[in-house]
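Inside the fold
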Amino acid sequence: MSDHPNEKFMRRAIELSEIAGIKEKTGGVFGSVIVKDGKIIAEGYNQVIKQNDPTWHGEMQAIREACKKLKSPHLEGCVLYTSAEPCPMCLATAYWAHLDHIYYAAHIEDALKYGEFEDADYFKELAKDPKNRTIQCTDLSNLRPEAVKVWKAYSEMPDRKHY
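Quick summary incoming for the structure in this document. (Residues numbered from 1 in each chain as written. Predicted model: local features only at pLDDT ≥ 70, side-chain atom pairs only at ≥ 80, totals over all residues. Heavy atoms only, no water.)

**Regarding the pattern of salt bridges**
Rules: Here, a salt bridge means any Lys or Arg side-chain nitrogen found within 4 Å of an Asp or Glu carboxyl oxygen. Numbered from the N terminus, helices here are DSSP runs of H or I no shorter than four residues, and strands are runs of E no shorter than two. For every residue, the accessible area (1.4 Å probe, protein chains only) is compared with the maximum for its type, and the residue is labelled buried under 20%, exposed over 50%, or partly exposed between those bounds.
In the structure shown here, the tally under the stated rule is six salt bridges. Residue glutamate 43 pairs with arginine 12 through a salt bridge whose shortest N-O separation is 2.8 Å. A residue pair is termed long-range when its members are at least 10 positions apart, and glutamate 43 in strand S2 (residues 39-45) and arginine 12 in helix H1 (residues 5-23) qualify at 31 residues. On the accessibility criterion, glutamate 43 (30% relative accessible area) is partly exposed. When the shortest N-O distance is used, the salt bridge between lysine 128 and glutamate 125 registers 3.1 Å.

**With respect to helix H7 (residues 144-155)**
Threshold: Multiplying 1.5 Å by the residue count of a helix minus one yields the expected span of that helix.
The end-to-end C-alpha separation of H7 is 16 Å, in line with the 16 Å expected for twelve residues at 1.5 Å each. Within H7, only zero of the twelve residues are buried, which leaves the element largely exposed.

**Description of the packing of aromatic side chains**
As a reminder of what qualifies: Classification of ring pairs uses Phe, Tyr and Trp, with its six-membered ring standing for Trp, and accepts pairs whose centres are within 6.5 Å; under 30 degrees between planes counts as stacked, over 60 as edge-to-face, and the remaining range as tilted.
For the structure shown, the criterion picks out four aromatic pairs. Here phenylalanine 30 and phenylalanine 117 contribute two aromatic rings whose centre-to-centre distance is 5.0 Å and whose plane-to-plane angle is 85 degrees, an arrangement assigned as edge-to-face. A residue pair is termed long-range when its members are at least 10 positions apart, and phenylalanine 30 in the loop between H1 and strand S1 (31-36) and phenylalanine 117 in the loop between helix H5 (108-115) and helix H6 (119-127) qualify at 87 residues. For phenylalanine 30, a relative accessible area of 10% translates into the label buried. An angle of 10 degrees between the planes, with centres 4.9 Å apart, marks the rings of tyrosine 81 and tyrosine 103 as stacked.

**As for H1**
Convention followed: Here the arc refers to the directions that run from the helix axis out to each C-beta atom. Residue contacts follow a heavy-atom distance rule, with two residues in contact if any of their heavy atoms lie within 4.5 Å.
Look at H1: 25 Å from first C-alpha to last across 19 residues, which is about the 27 Å you get at 1.5 Å a residue. Here H1 has its buried residues at Phe9, Met10, Ala13, Leu16, Ser17, Ile19 and Ala20. An end-on view of H1 places all buried positions within 160 degrees of arc, on one side of the element. The outward face of H1, more than 90 degrees from its buried face, is lined by the exposed residues Ile22 and Lys23. Tucked inside the fold, the buried residues of H1 contact S1, S2, strand S3 (78-84) and strand S4 (101-106). Positive phi shows up at lysine 25, right after H1, with a value of about 55 degrees.

**Quick notes on the pairing of S3**
Threshold: Only strands joined by at least two bridges in the DSSP assignment are considered to pair. Assignment of crossover handedness uses the view with strands pointing away from the viewer, where a clockwise path from the first strand over the helix to the second indicates a right-handed crossover.
Most of S3 sits out of view: seven of its seven residues are buried. One ladder, built from five bridges, connects S1 with S3; its direction is antiparallel. Following the sheet pairing, lysine 36 is matched in S3 by cysteine 78. In the sheet, S3 pairs with S4 via five bridges, with the strands oriented parallel. Residue pairing in the sheet places valine 79 in a bridge with histidine 101 of S4. Once you follow S3 into helix H4 (residues 88-96) and on to S4, the crossover reads as right-handed.

**Details of the environment of alanine 84**
Within the secondary structure, alanine 84 is located in strand S3. Ignoring anything within four residues of it in the chain, the contact list for alanine 84 reads Phe30, Glu59, Tyr104, Ala105 and Ala106.

**Considerations on the sheet that holds S1**
Stated formally: Here an angle of 0 to 180 degrees is reported between the N-to-C directions of two axes, which are lines fitted to C-alpha atoms, with helices fitted over the stretch in contact.
Across the sheet, which stays open at both edges, the four strands sit in the order S2-S1-S3-S4 with mixed pairing between neighbours. Single-partner strands in this sheet number two, and they are S2 and S4. Averaged over all adjacent pairs, the angle separating strand axes in this sheet is 15 degrees, with direction ignored.

Structure, rendered in structure tokens:
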């Protein structure tokens with residue numbers, strides 16, 4: 001009896017996680033694939049250490065590659081399979097990309113227990129009022145009119161691209 005397609009795609013994401021964390025040691029144990037119409041169109045695995053880039057997560061790489069391939073910042077009709085529950089950055093990116101669905105295998109608790117990845121702390125941090133976050137966020141209200149002036153000009157452009 002053959003695997004359900006979800007299991008086949010998840011197994012590929014898990015293979016990629018092993019490449020990242022164990023075989024190549026490019027970053028944490030995270031791998032992802034994006035599927036459209038029953039076919040893998042993009043893959044990614046964590047390369048934070050290799051690339052010295054905190055955004056080089058498996059999901060981010062797969063989303064970037066899928067968007068390039070489809071020539072669109074949106075991935076409607078696509079599904080993300082990721083070896084572990086997405087961190088806040090990857091989850092937000094999945095929303096920006098308009099993915100249809102996300103499947104994951106390992107949970108945030110597993111990443112904390114076995115890899116000391118503290119994603120749950122980041123979710124809590126983002127839920128705080130900006131002035132109460134560990135990284136201080138300060139509103140420079142005196143410069144708001146200058147910033148809004150550019151936004152207004154952008155809003156009036158007849159050829160602007162909304163995404």
